[in-house]
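# Tertiary structure, described
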Amino acid sequence: MNTDFHLGTLIRQELDRQQRTVTWLAAQINCDRSNIYDIFDRRFVNIEILTRISRALDRNFFKDLADYMESVVKNPT
């Protein structure tokens, strides 16, 4: 199984690409700044949180997840 996939890293990269701050994202998804740093450390993120982040950053992280899952299904080892 491909263990390189990491949603937290993708979220951090998108936040940086958009030149947004952790404080901005925390306000957009209505949580504490420290929670955002915790999200950056996670390989996978709760669906509700991922939905809010996707909306805030205007990026479909579910597509990234689906692409990863497709690769896992096609190459299960």
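Everything numeric in this text was worked out from a predicted model, so none of it was measured.

Moving on, we come to the overall build of the protein chain. The number of helices and strands found in the protein chain is five helices and zero strands. For the protein chain, the C-alpha atoms occupy an extent of roughly 40 × 25 × 20 Å along the three principal directions. Within the protein chain, buried positions represent 34% of all 77 residues. Summarising the internal contacts of the protein chain: among those between residues at least 6 apart in sequence, 63% fall at separations of at least 24.

Let us look at the environment of F61. Summarising the element assignment, F61 is placed in helix α5 (residues 61-74). By relative accessible area, F61 is classed as buried at 0%. In this structure the C-alpha to C-alpha distance between F61 and E14, which are 47 residues apart in sequence, comes to 10.0 Å. Leave out the neighbours within four places in its chain, and F61 touches L7, L10, I11, E14, L50, I53 and S54.

Our next topic: the packing of helix α1 (residues 7-17) against helix α4 (residues 47-57). Relative placement of two packed helices is described by the angle separating their axes and the distance separating the axes. Running from N to C, α1 and α4 cross one another at 20°; their axes reach a closest spacing of 11 Å. Taken as axis vectors, α1 and α4 run roughly parallel relative to one another. Every pair of crossing elements has a handedness; the one defined by α1 and α4 is left-handed. Facing L7, I11, E14 and L15 of α1, the residues of α4 in contact are L50, I53 and L57. Split into classes, the residues belonging to the contact of α1 with α4 amount to six nonpolar, no polar and one charged.

The rules behind each value
- Residues numbered from 1 in each chain as written.
- Predicted model: local features only at pLDDT ≥ 70, side-chain atom pairs only at ≥ 80, totals over all residues.
- Heavy atoms only, no water.
- Helix = DSSP H or I, 4+ residues; strand = E, 2+ residues; numbered from the N terminus.
- Buried < 20%, exposed > 50% of the residue type's maximum accessible area, 1.4 Å probe, protein only.
- Contact = heavy atoms within 4.5 Å.
- Axes fitted to C-alpha atoms, helices over the stretch in contact; angles between N-to-C directions.
- Parallel < 35°, antiparallel > 145°, perpendicular 65-115°, else oblique.
- Left-handed = near helix turned anticlockwise from the far one by under 90°.
- Nonpolar A, V, L, I, M, F, W, Y, C, P; charged D, E, K, R; others polar.

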